[in-house]
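Results of the structural survey
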Amino acid sequence: MPKLEKSKITQAKTSATESLKNAEKEEQEKKVKVDEVSDFIKFYALPIFSAMIFLGVVFFTIIPSIRYIFDSIDEIDALKNEDQTLNSRIERLIALQQENADQVQLINRINSIVPTGKSEVVAFRERIATTGLQQSLLLEESKSGETILEPESVTVETAEGFNLIEIPSEFNMRGEFINFRNFLNSLYIGDDFFIVEEMSLNASSAEGEENIWFGTFNLTKYQFFADENFDLETTFAGVDEFEEPDPTAINFLETKFIDN
Amino acid sequence: MNTFSFNLIPKKSEQEVQKEEKRDKTSVWTAILPLTGVSVWLLLVLFNGVVVDGVKANWEESIAQKENRIDTEYLAVRVQHGELVLKTKSLATLITLDIKPETLFVLTEQIFPEPEPGVRIIGYGRNDDGSFSIRLATDDYQKIAEIARRFSNYEGANLVTIESVATDPTSEDNPDEIQATIKFFINVEFIEGNA
């Protein structure tokens, strides 16, 4: 065998032995690592378990409890605001209680000029006729009726189920001019609230009737009307205490019906 | 009887002993963690129960008391106030339509302080749009224009228009008589101030 070939065979043998050794070494190292991890887990099972319980306690009890505190603080803030609102309401109600006498007077006045409940058609017609008679006017004809005013149509603000009724009445009269004037004044200063919707006062053109005038008056009186199932107390109590009565109406009532 | 005491388990290496000591210490510390967590949780529960819920309950009780006071003690005041508010608001629109009829006669007297020669007032009117009117009878067209101008210049009357001018040639009494209707709106504040 030539010397060169012999040396090649020896070299190959050495190399094979080395690679075999390396493979064995790697396998051993791997085994050592697995053993180490296994030992580590066995060794630290209790600490790991404890840590997991701790995290469970933190996430499932401590954090919700802290969140509860913050939520409660928000709720307490809301309650504080609600309490302040109630305090202001009570202050306002105390102030309203002190104005009680004035309010009662105004309400009584409203209820007398614009009553709530039974129809006033006949009574109103009677009052007009009587006043006309007192002023020496002859009532030739009269017509009366009732119409419920729809809040949207006349911009009258009322609560649902609580309406304002219009009582239009037409009166045809004849008499002297001064008597018509006195008649209108008497009605106006009387205890009635009405609107002169239309009026026509014309001098007679007939011969011998120089002082005679003919008057046609469309007078409208108003009254409140509540539906059968309507609970007045609940509706009135539901009005915001801070809402002010209409100043125009108050001024009107005070100047026309109370101060006088 | 003789007893022998000896250990068959081989002695642990130094490294192994150190490792076990380390594990024991770690185990003790990590066992404290859940305990600490539970303690913190219990403290929080106690704090929530005593302090937070207590404060909340106080506010809720205070609110309930005040609401009850408003619903019972002040019910009459609320009903009265609500009635006044609703009724005055209902009447507000109507009140603006309320003009004393006497105002029309006062305005006429202010425009005609003395009887006007050749002019007769033969009618007064109020229309459903809130305007007022005066019907005049005269023989002179010029007079009607003059009176209409007087109304226009007068502050107590606004939006003055001559609504109609008519004659009745068939009239046996006065076929030359001209009848005119002057329409206007009344400035109530001005008239009442000058009445």
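Residues numbered from 1 in each chain as written. Chains lettered and ligands numbered in written order. Predicted model: local features only at pLDDT ≥ 70, side-chain atom pairs only at ≥ 80, totals over all residues.

**Some thoughts on the overall build of chain B**
- Broken down by element type, chain B carries five helices and four strands.
- Ordering the α and β elements of chain B from the N terminus gives α-α-α-β-β-α-β-β-α.
- For chain B, with 195 residues in total, the buried portion stands at 19%.
- When contacts within chain B are restricted to residue pairs at least 6 apart in sequence, long-range pairs at least 24 apart make up 59% of them. (Helix = DSSP H or I, 4+ residues; strand = E, 2+ residues; numbered from the N terminus. Buried ≥ 20, exposed ≤ 12 C-beta atoms within 10 Å, placed from the backbone. Contact = placed C-beta atoms within 7 Å.)

**Considering the overall build of chain A**
- From N to C terminus, chain A includes seven helices and five strands.
- Along the chain direction, N to C, the helices and strands of chain A fall in the order α-α-α-β-β-α-β-α-β-β-α-α.
- Within chain A, buried positions represent 18% of all 260 residues.
- For chain A, the proportion of contacts with a sequence separation of at least 24, taken over those separated by at least 6, is 74%.

**What to know about the interface of chain B and chain A**
- The interface is formed by 59 residues belonging to chain B together with 71 residues belonging to chain A.
- Going through the elements one at a time, helix 1 (14-72), helix 2 (75-97), helix 3 (102-111) and strand 1 (119-126) of chain B are the ones with two or more residues in the side of chain B that touches chain A.
- No other element matches helix 1 of chain B, which puts 25 residues into the side of chain B that touches chain A.
- Each residue belonging to the side of chain B that touches chain A can be placed in one class, and the counts come to 29 nonpolar, 15 polar and 15 charged.
- Bridge count between strand 4 (residues 194-203) of chain A and strand 1 of chain B: four bridges; the pairing is antiparallel. From the neighbouring strand, Asn202 of chain A faces strand 1 of chain B, where its bridge partner is Gly123 of chain B. (Nonpolar A, V, L, I, M, F, W, Y, C, P; charged D, E, K, R; others polar. Pairing = 2+ DSSP bridges.)

**Describing the nonpolar core**
- Counting residues in hydrophobic clusters, the biggest one holds 51 residues, and the most contacted among them are Val114, Phe180, Leu219 and Tyr222 of chain A together with Leu136, Ile182 and Ile186 of chain B.
- If you tally residues by element for this core, the top one is strand 5 (residues 212-226) of chain A, at six residues. (Core = buried A, V, L, I, M, F, W, Y, C linked by C-beta atoms within 7 Å.)

**Examining the UniProt feature "transmembrane region" (unreviewed entry) in chain B**
- UniProt's feature table lists "transmembrane region" (unreviewed entry) at residues 28-47 of chain B, given in the numbering used throughout.
- This span, residues 28-47 of chain B, is 100% helix and 0% strand, and a straight line between its end C-alpha atoms measures 28 Å. (UniProt positions renumbered as here; feature names shortened; annotations may be inferred.)

**Details of the packing of helix 2 (residues 100-113) of chain A against helix 2 of chain B**
- Here helix 2 of chain A crosses helix 2 of chain B at 50°, and the two axes come no closer than 10 Å. The angle between helix 2 of chain A and helix 2 of chain B places the two elements in the oblique class. Here the hand of the crossing between helix 2 of chain A and helix 2 of chain B comes out left-handed. Residues Gln103, Leu106, Ile107 and Ile110 of chain A of helix 2 of chain A form the contact with helix 2 of chain B, whose participating residues are Gln80, His81, Glu83, Leu84 and Lys87 of chain B.
- Across the contact of helix 2 of chain A with helix 2 of chain B, the residue classes break down as four nonpolar, three polar and two charged. (Axes fitted to C-alpha atoms, helices over the stretch in contact; angles between N-to-C directions. Parallel < 35°, antiparallel > 145°, perpendicular 65-115°, else oblique. Left-handed = near helix turned anticlockwise from the far one by under 90°.)

**Re unusual backbone geometry**
- Within the chain, Ser136 of chain A stands out as a residue other than glycine whose phi angle is a positive 60°.
- Take Ser136 of chain A: it is sitting in the loop between helix 3 (121-134) and strand 1 (138-144).
- The phi dihedral of Leu159 of chain B falls on the positive side, at around 50°, and the residue is not glycine.
- By the secondary structure assignment, Leu159 of chain B is in strand 3 (residues 157-167).

**Quick notes on the environment of Thr248 of chain A**
- Position of Thr248 of chain A relative to the elements: it lies in helix 7 (residues 247-258).
- For Thr248 of chain A, a count of 15 C-beta atoms within 10 Å puts it in the partly exposed group.
- Apart from the residues within four sequence positions on either side, Thr248 of chain A is in contact with Ala92 and Ile95 of chain B.

**Considerations on the pairing of strand 4 (residues 178-186) of chain B**
All names here are of chain B.
- Two strands pair when backbone bridges link them, and strand 2 (residues 132-138) and strand 4 are joined in this way by seven bridges, in the antiparallel orientation. Directly across from Phe132, in strand 4, lies its bridge partner Phe184.
- Relative to strand 4, strand 3 runs antiparallel, the two sharing eight bridges. Paired with Ser164 across the two strands is Thr181, which belongs to strand 4.

**Here's the deal with the confidence of the model for chain B**
- Averaged over all residues, the pLDDT of chain B is 86; the fraction at 70 or higher stands at 94%.
- Predicted complex metrics record ipTM = 0.71 and pTM = 0.69. (pLDDT = per-residue confidence, 0-100.)

**Section: the environment of Thr220 of chain A**
All names here are of chain A.
- Inspection of the secondary structure puts Thr220 in strand 5.
- Note on Thr220: 19 C-beta atoms within 10 Å, which makes it partly exposed.
- Filtering out sequence-adjacent residues up to four positions away, Thr220 remains in contact with Glu166, Ile167, Pro168, Phe194, Ile195 and Glu197.

**Looking at the confidence of the model for chain A**
Residues and elements named next belong to chain A.
- The share of residues in chain A with pLDDT of 70 or more is 88%, and the mean pLDDT across the chain is 82.
- Averaged pLDDT values over the elements of chain A bottom out at 44 in helix 4 (residues 151-154) and peak at 88 in helix 5 (residues 177-189).
- In this model, residues 151-155 is a region of pLDDT below 50 whose contacts with residues beyond four sequence positions or in other chains number six contacts.

**Here we look at the environment of Glu141 of chain A**
- Here Glu141 of chain A lies in strand 1.
- C-alpha of Glu141 of chain A to C-alpha of Met173 of chain A: the two residues are 32 residues apart in sequence and 7.1 Å apart in space.

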